[in-house]
Amino acid sequence: MTGTKSTSEAVHIVGAGLAGSEAAWQVANAGVRVVLHEMRPFRMTEAHRTDGLAELVCSNSFRSDDAANNAVGLLHAEMRRLGSLIMRAADANQVPAGGALAVDRDGFSLAVTRALTEHPLIEIRRAEVGGLPPADWRNVIVATGPLTSAPLAEAIRQLTDENALAFFDAIAPIVHRDSIDMSVAWFQSRYDKAGPGGTGADYINCPLTRQQYDAFVDALVAGEKTDFKEWETNTPYFDGCLPIEVMAERGRETLRHGPMKPVGLTNPHDPTVKAYAIVQLRQDNKLGTLYNMVGFQTKLKHGAQQRVFRTIPALENAEFARLGGLHRNTFLNSPKLLDAQLRLRAESRLRFAGQMTGCEGYVESASIGLIAGLYAAADARSQALAPPPATSALGALLGHITGGHIETIEPGARSFQPMNINFGLFPPLPSPPTKNLDGTRLRGNDKTIARRQAISARALADLDRWIADHLHIAAAA
Ligand SMILES: Cc1cc2nc3c(=O)[nH]c(=O)nc-3n(C[C@H](O)[C@H](O)[C@H](O)COP(=O)(O)OP(=O)(O)OC[C@H]3O[C@@H](n4cnc5c(N)ncnc54)[C@H](O)[C@@H]3O)c2cc1C
């Protein structure tokens, strides 16, 4: 796919992190010139330490590499099929980590830096883009990440008319719908109110007795919290988004009068008994496979979250698609602001990629850089590129960012929050496997495993078809 001559206008990519580096590689390998703008080392972020491209700011893990059973492993496999530089550099710099793909961070960053520096169609400019990209950059990818520099973040905020773009982010956990015990919980909106697009039964409700509530509050207050980092102290909390344990510390009854208030709801399993407190979960994706815990943003450590939240009736066996967390984060309200090809609706020459679009994680950020690169290259060549299949990990993640998430039906804090790839984002199988190869019935965990493996096999087959049908045409033209 690599070409060395290009007559089309250059694609300008701002930010050479995980997403920007992958995007640059994809654009250049489609035969289109790239100017890659990176502000480090002249201006550093609060977390980056080096001048290397694709620097990993925290852990060195790309998580599970199991393509058959794990959604991020599947995303790895798809990216490898698409010639990903990030995956190539990761594979070449792997360190032992069981089933996970972990890398030597310096070797990894060096491999990416070298590949991009040596590519004949890529020019790297070490300078901050300190505002909206100049008007004569007609085809731009903004991939400046969760720690986007302030002048650019402010310019984007003004352009998008959003109240805020960077938050001190306390995010709430998301639960797989099929792990919630509906013999205990029930569907109902408060006062059966049908908001815009709602039915009046849009929430899953989990009832607590007084004793359960008291024990829950005690566990929250005692739970182990993540420490504040020094650089986090100057960033404000996202309005109306106080961590739940901070609320609990303010008084035993605070949660009962806040996110856990038991009013306007009747438990159909036990209509005469009034719950002392109620936890509500709200649908998070169009498929209805994921539900977020309303008002449960938290900075409890991950182990403590699982332990404490599984004490809530109906959530004893909850599987979490994402746990809560806390850090500064710059990201767009993408389902509202971006089109299906990641272009800003308000100014379509600007395309976004990486964590700024509301995905979470190194691999996810790089994968959105990959697809943004393919789209930008197609634009540069005046070609149309069909979207990746919605059944693939790449298509499922892209779909979530650009429309799959459901806006909250209440006014207040933005409901769209960064998301890792997970099986809850994939369209369900038309006929999920029910039997083992020997004809016996699949049960319990075996059923989940078989379903995931079938989703993964479908994803790779559909992606291969998409590559064969669309990408060789774009590259050959
Ligand atoms: C503190 C922290 C810890 C994290 N830990 C993990 C983790 O352990 N595992 C994980 O999977 N994910 C983690 N993430 C989440 C996320 O996956 C990573 O931040 C990931 O690097 C995002 O990729 P990106 O390409 O969108 O942004 P980045 O990799 O951050 O790349 C953005 C690049 O843009 C540059 N830049 C910013 N503004 C400008 C500008 N105006 N002009 C020019 N260049 C600019 C930056 O210098 C940077 O090189 C963490 C995030 C944060 C903030």
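Residues numbered from 1 in each chain as written. Predicted model: local features only at pLDDT ≥ 70, side-chain atom pairs only at ≥ 80, totals over all residues. Heavy atoms only, no water.

Draft legend 1. Broad picture of the overall build of the protein chain. Of the regular secondary structure elements, the protein chain holds 12 helices and 17 strands. Burial analysis of the protein chain (477 residues in total) assigns 56% to the buried set. Considering only contacts in the protein chain between residues 6 or more positions apart, those separated by 24 or more positions represent 72%. In the form shown here, the protein chain has an accessible surface area of approximately 20000 Å², with 52% of it arising from carbon and sulfur atoms. (Helix = DSSP H or I, 4+ residues; strand = E, 2+ residues; numbered from the N terminus. Buried < 20%, exposed > 50% of the residue type's maximum accessible area, 1.4 Å probe, protein only. Contact = heavy atoms within 4.5 Å. Areas by Shrake-Rupley, 256 points an atom, 1.4 Å probe, with all protein chains shown as cover.)

Draft legend 2. Region of interest: the pattern of salt bridges. For the structure on display, the rule yields 20 salt bridges. Ionic pairing is found between Lys301 and Glu224, a salt bridge with its closest N-O pair at 3.6 Å. Highlighted residues: Lys301 in the loop between strand E13 (290-293) and helix H8 (302-309) and Glu224 in the loop between helix H6 (210-222) and helix H7 (244-249), separated in sequence by 77 residues. Taking the shortest distance from any N to any O, the salt bridge between Asp462 and Arg465 comes out at 3.2 Å. Pair noted here: Asp462 and Arg465 are both in helix H12 (residues 444-476), with a separation of 3 residues, about one helical turn. Residues joined by salt bridges that share partners form a network here, namely Arg210, Asp214, Asp218 and Arg252. (Salt bridge = Lys/Arg side-chain N within 4 Å of Asp/Glu carboxyl O.)

Draft legend 3. A look at unusual backbone geometry. At the junction of Arg40 and Pro41, the peptide bond is cis and its omega measures out at 5° in the coordinates. Mapped onto the elements, Pro41 comes out in the loop between strand E2 (34-37) and strand E3 (61-64). For Ala314, which is not a glycine, the phi torsion comes out positive at approximately 85°. With a relative accessible area of 1%, Ala314 lands in the buried category. Phi at Ser382 is positive, roughly 50°, even though this residue is not glycine.

Draft legend 4. Spotlight on H6. Here H6 is 13 residues long and its end C-alpha atoms lie 18 Å apart, about the 18 Å a rise of 1.5 Å per residue gives. Three or more residues of H6 are buried, namely Tyr213, Phe216, Val217 and Leu220. One side of H6 carries all its buried residues, which in axial view fall inside an arc of 100°. Those residues of H6 that are exposed and aimed more than 90 degrees away from the buried face are Gln211 and Ala222. (Expected span 1.5 Å × (residues − 1). Arc of directions from axis to C-beta.)

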